[in-house]
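Overview (structure and organization)
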Amino acid sequence: MLSRLNVSQGGPSTVVNDCPRSNCEWCDHKLHCIQLARTIFLSFFRHFLCLFLRFTRLFRRDFFPVQCLRSGSRLTTGTRPICSLPTMVTSTARAGTVGGGVKDPALLPKEIRTSAFFDFERVEPNVFRAANLSTSGQQSPHAAYGGLIMAQALAAAEATVTEEFKPHSMHSFFILNDSIRFSVDTTVPVDYHVRLLRDGRSFCTRSVEAIQKGKVVFCLQTSFHVVEPDSCVHQSDYPKVVKPADECPELSLSSKELLDRIASGEVKGSEHTRAAIVKHSQIDRTQWLFDIRCTDTAALFGLGDPTRTFYFWMKARVPLSTADDRLHRWMIVFASDSTPVGVIFRPHTKNDFTPSMVFSLDHVMHFHHHEIRADEWMLYEVESTVAGAGRGFARGRIWGTDGKLLVSLTQEALVRTRGDVSRI
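Residues numbered from 1 in each chain as written. Predicted model: local features only at pLDDT ≥ 70, side-chain atom pairs only at ≥ 80, totals over all residues. Heavy atoms only, no water.

Quick look at the overall build of the protein now. For the protein, the count of helices and strands is 9 helices and 18 strands. Each of the 424 residues in the protein was classed as buried or not, and the buried ones make up 46%. For the protein, contacts bridging at least 24 residues in sequence account for 71% of all contacts bridging at least 6. When the accessible area of the protein is evaluated, it comes to approximately 22800 Å², of which 54% is carbon and sulfur surface. (Helix = DSSP H or I, 4+ residues; strand = E, 2+ residues; numbered from the N terminus. Buried < 20%, exposed > 50% of the residue type's maximum accessible area, 1.4 Å probe, protein only. Contact = heavy atoms within 4.5 Å. Areas by Shrake-Rupley, 256 points an atom, 1.4 Å probe, with all protein chains shown as cover.)

A large share of helix α8 (residues 326-336) lies buried, amounting to 11 of its 11 residues. Listed as buried for α8 are R326, L327, H328, R329, W330, M331, I332, V333, F334, A335 and S336.

Along any regular strand the residues' side chains alternate between the sheet's two faces. Note that strand β16 (residues 378-388) and strand β17 (residues 391-400) share 10 bridges and pair antiparallel. Among the inter-strand pairings, E381 is bridged to a residue of β17, identified as R397. Following β16, the chain reverses through 2 residues before pairing antiparallel with β17; A389 in that reversal takes a positive phi of roughly 60 degrees. As defined by bridge partners, β17 adjoins strand β18 (residues 405-416) across 9 bridges and the pair is classed as antiparallel. Pairing of F393 across the sheet is with E412, part of β18. Where β17 folds back on β18, the antiparallel hairpin that results is connected by 4 residues, among which G403 adopts a positive phi of roughly 90 degrees. (Pairing = 2+ DSSP bridges.)

Turning to the packing of helix α4 (residues 146-158) against α8, a few remarks are in order. α8 packs onto α4 with a crossing angle of 150 degrees between their chain directions and a minimal axis gap of 7 Å. Here α4 is positioned roughly antiparallel relative to α8, judged by the angle of their axes. You can see that α4 and α8 cross each other, and the crossing is right-handed. Along the contact surface, α4 presents G147, L148, M150, A151, L154, A155 and E158, while α8 presents R326, R329, W330, V333, F334 and S336. (Axes fitted to C-alpha atoms, helices over the stretch in contact; angles between N-to-C directions. Parallel < 35°, antiparallel > 145°, perpendicular 65-115°, else oblique. Left-handed = near helix turned anticlockwise from the far one by under 90°.)

Another aspect to go through is the confidence of the model for the protein. On average, the protein scores 79 in pLDDT, and the residues at 70 or more come to 76%. A low-confidence stretch, residues 1-15 stays under pLDDT 50, and its non-local contacts, those more than four residues away or across chains, total 24 contacts. (pLDDT = per-residue confidence, 0-100.)

For the coordinates displayed, the defined rule picks out 15 salt bridges. A salt bridge links D185 to K213, with the nearest nitrogen and oxygen atoms 3.4 Å apart. Pair noted here: D185 is in the loop between β9 (165-174) and β10 (190-199) and K213 is in the loop between β11 (203-212) and β12 (215-226), with a separation of 28 residues, a long-range link. Overall, the relative accessible area of 15% leaves D185 in the buried class. The closest approach of N and O atoms between E266 and R261, which form a salt bridge, is 3.6 Å. Since its relative accessible area comes to 34%, R261 is described here as partly exposed. Connected through salt bridges with shared partners, the residues E158, K166, D325 and R329 form a single ionic network. (Salt bridge = Lys/Arg side-chain N within 4 Å of Asp/Glu carboxyl O.)

What follows deals with the side chain of T273. By secondary structure assignment, the location of T273 is in helix α6 (residues 271-281). Not counting the four nearest positions on each side in its chain, T273 is found in contact with F301, L303, T349 and K350.

Our next topic: the sheet that holds β16. Within the open sheet, the 12 strands sit side by side as β7-β8-β10-β11-β12-β9-β15-β18-β17-β16-β14-β13. Their pairing is antiparallel. Either end of the sheet is taken by a strand with one partner, and the two such strands are β7 (121-124) and β13 (290-294). The mean angle between the axes of side-by-side strands here comes to 25 degrees, regardless of whether they run parallel or antiparallel. Running at roughly 50 degrees to β12, α4 makes contact with β8 (127-130), β9, β10, β11, β12 and β15 (357-367) of the sheet. Its contacts with the sheet place α8 against β9, β13, β14 (309-316), β15, β16, β17 and β18, and it is angled at close to 145 degrees to β15.

Between its terminal C-alpha atoms α4 stretches 19 Å, which fits the 18 Å expected from 13 residues at 1.5 Å a residue. Of all 13 residues making up α4, 13 are buried, and the element is well covered by its neighbours. (Expected span 1.5 Å × (residues − 1).)

So, about a nonpolar patch on the surface. On the surface, F41, F45, F48, L49 and F52 cluster together to form a nonpolar patch covering roughly 570 Å² of accessible area. Within the secondary structure, F45 is located in helix α1 (residues 25-60). For F45, a relative accessible area of 46% gives the class partly exposed. (Patch = residues over 30% accessible without salt bridge, like charges linked within 9 Å, V, L, I, M, F, W, Y side chains within 5 Å.)

Pasting the structure below:
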């Protein structure tokens, strides 16, 4: 034979010339071709294997057979519950459920309904399914409230990090929320796909996609940070609020009081403004999870002194568990989407402005402190700095009653009208 494969012990394979004639050019050329082909084959095989592994990690979002949780500087495997709180849904609350979610969550007691929103089904190690999507006060019984989708996405992301990591920043986009027809359907579960972008010693980064009916309806990018000691410390001054929370009536009551002031002539308002206030006062907020009170309802509708900065007192209507700070964060995210859009367009009511389409485009939040209680009064300061080109922008700050700045946020919203342009 002209050649043979010589495998040395513990070494690589080599091709050796075994021709009886010395200095055979034909044999040397053939051996060279065999070595070249072998090198090319191994190179292609390595590239194919790398591409296959990357493809698997990209589209399955989880290369390991079980969830990986970071512990110290090493990766360990294991799982933990989404929300190990005493107020989790009990067997009574689960009665009449379909696919892990209640048929009508709005009928449940508030303390059970709050935690039921985060009672997920773990479809895959990093995929969490939420079936409880109905909230009281949503614009349509079949269109999910954006604040709930944000809170559930953050809860899913927090399930993939260990306890020492706290969220400090989250950036979200509402993708399919442009009308009732194309919004998130409350009757169909949403799957939250969490992608583990980075696990560091001080920071962890996660990306979450909310998928319903095969479409991405919402996406979130959030970063987690271990609690560190202070280095430099400062914050803005606490706003000077005219009325404390106890002196401010609930939104429906304050709207009715404003109607009485208009009827008595104390406050001047057009018939269009009065109709908008009547509609606002007829909303039943008794089943809302948060008690929200505006310090100046007249200014909110463009009556009185012109302003684009408004203050709201808010807190959860029922006590929340003190065993875990995660539920408090999720509920603050839930409530943060309730006022920015209204602050953008409601001051234009005095110009007989009627929006034809209003919805949130994005929402950004920065948590400055992780020890937050959502069941205690917080001051929600919201200002609309600019509006135009069919969009409006608002920024907000959430303060504790002790003067500590807890959360900073921004939101952009789409605001359209079929009527005249309003300028204030």
